[in-house]
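Listed below, chain by chain, are the residues.
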There are 2 protein chains.
Amino acid sequence: MTKAGSDGTLRRRILDATRHLLVAEGYTSLSMRKIARAIGCSPTAIYLYFQNKDALVHTLIDEGFGLLYEELREEAARHDDPVARLEALWRRYVAFGLRNPEYYEIMFMLHPERMERYPPEKYRRARRGLELSIQTLEEGRRMGLFAIEDPRVTASAAWAALHGAVALLLARRLDVRIDPEAFIDTTIRTLLRGVLAPEALPQMAAK
Amino acid sequence: MTKAGSDGTLRRRILDATRHLLVAEGYTSLSMRKIARAIGCSPTAIYLYFQNKDALVHTLIDEGFGLLYEELREEAARHDDPVARLEALWRRYVAFGLRNPEYYEIMFMLHPERMERYPPEKYRRARRGLELSIQTLEEGRRMGLFAIEDPRVTASAAWAALHGAVALLLARRLDVRIDPEAFIDTTIRTLLRGVLAPEALPQMAAK
DNA sequence: TTGCGCTGGTTAACGCTGTTAAGTTAAACA
DNA sequence: TGTTTAACTTAACAGCGTTAACCAGCGCAA
C-alpha cells in the first residue's frame, strides 16, 4: 500500500488541510491536533513529514512566496515604462495581501521570535520580489525618472510602507470613516510622488 | 492585612511584572503562570484583578498609548512650522517604536483576531496620536505647503507606512546590507516628498 | 515457508498553557 | 462570640507541541 490512506500523499494532505484551517480559523488557532483531526490521522503522524509545527508553516510560507513572486513577475513583464511598472508592482503587492490574508499573515505578520527560525537562506528566495522593484527603480533612475539615492533602500522603504498598509487593512484597524480604496490609492500615490523626479511629477498628477 | 504581601497593590505588581517579562522574553512566551511565579502568587490571583490574559495585556496597551501620545504631544508643541512639525512627529513615532519594542508589539503587532477583542472605545483614545498628524496636515494645507486631498486619509497612509518600517526593523527582516538609519531616513523623506506641494519641495531637498 | 527488517503509522505520556470551581485563611464588624 | 467578607490558594479541566515506545503489514533473503 502506498503512503496515505485516501488520495494523494499524506504530506500533501497535511499541507492542504493546514492551508484550509488557516483560511477558516487563522493562525493563532491552528494546532497540530486540529490538522490531524481534519485529515483523520494521529497528531504524531505529521511529525513523520515535518520536523515540527514551524517547519510545516515554513513550507506554506514558501508556497506563498512562490505565488507572490509569480504574480509580481507577470505584472512586471506587462509594463515597459518604469513608472507604470513600479506602480503596477506596488498595486499588485497590496492586492495579493488582501486577496490571500492567510498566506500574508504567515509570510509577513508572524512575530519576530518565531520568524527568526525561518532559515535565512529562504529569505533570499523571498527577496526576489523586492528585486523586481529595485531593478525598476534602477532603470527609471538611469532615465532620469526617479529622484532617489539608493534603489535598494528606496525599494525596501516602499515595500515596508505597503506592508504597513496591508497589515492595517487586514487587522481592520483603519478608521471606519476612511474608504479602503482611497487609503490604498493615497498610499501608492504618495509613495510615487515621493520617488518621482520633479520634472516627471506633473505627468503623474495629470493622470 | 492589606492587599498584596510586600509593597504596592498586587494589581500594580502584576502589571510591572508583566511589563518586565514582556521586555525580557517577548509576548509569545508570556504566560499567566510565569507572571504569578515572578511575583510569588498563585496564577489564579491575577484573575482577581483582570478578567483574563487579554484584559491584562490591554491595560498595558493603554499605558503604551498614553506614553506614545505624551511624546507626540510634546514633540508637536516644539515646532511651529507644519512641515517641520510633521517630520518631527513621524521621526518621534519611529523612535518610540524602536525604543519600546515590547510596548510596540502589544500595541500594534498583535494578531488581528486578538486585537478585535480590544474595545473600540479604547481605539478612539489610541487615535489621538494620529489627530496630531491630521491637524498638522490640515494646517499646512491651508498654507499651501501640502498637496494632499484628505488629511485624514493621508495621515493614516503615512502612519501605516511608518508602522511598516518599524515592524520591519523590529522583526529584523531588513536586508543586512541596508543601514537602519538610512532606511528610516529614506522612508520619512519619501513620505515628506510625497505630501509636499511642488513649490515647497526644493526647500526640503536643500536641507 | 519462515523470519528479519523496514515503512508508515499508532497510543500513551510529559510538561506546558488559560481558565474555572471550590476551598481556606484572616481580618472586620455586629 | 459569631458571621460576613475580602484576598487568596489548591485542584482540576481541556487543550497545546512534542517525544518515546510500540505495532501492523509488506518486501525479501535464506
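Procedures and definitions
- Residues numbered from 1 in each chain as written.
- Chains lettered and ligands numbered in written order.
- Predicted model: local features only at pLDDT ≥ 70, side-chain atom pairs only at ≥ 80, totals over all residues.
- Heavy atoms only, no water.
- Helix = DSSP H or I, 4+ residues; strand = E, 2+ residues; numbered from the N terminus.
- Buried < 20%, exposed > 50% of the residue type's maximum accessible area, 1.4 Å probe, protein only.
- Areas by Shrake-Rupley, 256 points an atom, 1.4 Å probe, with all protein chains shown as cover.
- Lys, Arg positive; Asp, Glu negative; His and termini not counted.
- Charge placed at Lys NZ, Arg CZ, Asp CG, Glu CD.
- Domains from an automatic or database assignment.
- Polar contact = N/O pair within 3.5 Å; in protein donor to acceptor, adjacent residues only side chain to side chain.
- Nonpolar A, V, L, I, M, F, W, Y, C, P; charged D, E, K, R; others polar.
- Expected span 1.5 Å × (residues − 1).
- Contact = heavy atoms within 4.5 Å.
- Buried area = accessible area lost by both parts, 1.4 Å probe.
- Salt bridge = Lys/Arg side-chain N within 4 Å of Asp/Glu carboxyl O.

### Topic: the overall build of chain A
- Within chain A, the secondary structure is distributed over 11 helices and 0 strands.
- Dimensions of chain A along its principal axes, counting C-alpha atoms only, are 70 × 40 × 30 Å.
- Every one of the 207 residues in chain A was classed for burial, and the buried ones make up 56%.
- About 9700 Å² of surface is accessible on chain A, with carbon and sulfur atoms providing 52% of the total.
- With 31 positive and 28 negative side-chain charges, chain A shows a spacing of 6 Å between the two charge centroids.

### Comments concerning the domain arrangement of chain A
Residues and elements named next belong to chain A.
- Each assigned domain of chain A is listed here: domain 1 (1-50) and domain 2 (53-206).
- Distance between the C-alpha centres of domain 1 and domain 2: 31 Å.
- Our count for the contact surface shared by domain 1 and domain 2 stands at 2 residue pairs in polar contact (both at pLDDT 80 or more).
- At the level of elements, α1 (10-25) and α2 (32-39) are the ones that each hand at least two residues to the side of domain 1 that touches domain 2.
- Per-element accounting of the side of domain 1 that touches domain 2 gives the leading share, 8 residues, to α1.
- Of the residues in the side of domain 1 that touches domain 2, the class split is 10 nonpolar, 2 polar and 3 charged.

### Concerning helix α3 (residues 53-77) of chain A
- With 25 residues, α3 of chain A should cover 36 Å at 1.5 Å per step; its first-to-last C-alpha distance of 37 Å lies within 8% of that length.
- Between the side-chain oxygen at the start of α3 of chain A and the backbone nitrogen of D54 of chain A there is a gap of 3.2 Å, and the oxygen is on N52 of chain A.

### Notes on the interface of chain A and chain B
- Opposite the 51 residues of chain A that make contact, chain B presents 51 residues.
- For the pair chain A and chain B, the summed buried area comes to about 4000 Å², and 60% of that belongs to carbon and sulfur atoms.
- Linking chain A with chain B are 4 salt bridges, by the criterion used here.
- Taking the shortest distance from any N to any O, the salt bridge between R127 of chain B and D175 of chain A comes out at 3.9 Å.
- Remark: the boundary between chain A and chain B carries 8 residue pairs in polar contact (both at pLDDT 80 or more).
- Among the elements of the structure, α5 (101-108), α6 (112-115), α9 (151-170) and α10 (180-195) of chain A are those that each provide at least two residues to the side of chain A that touches chain B.

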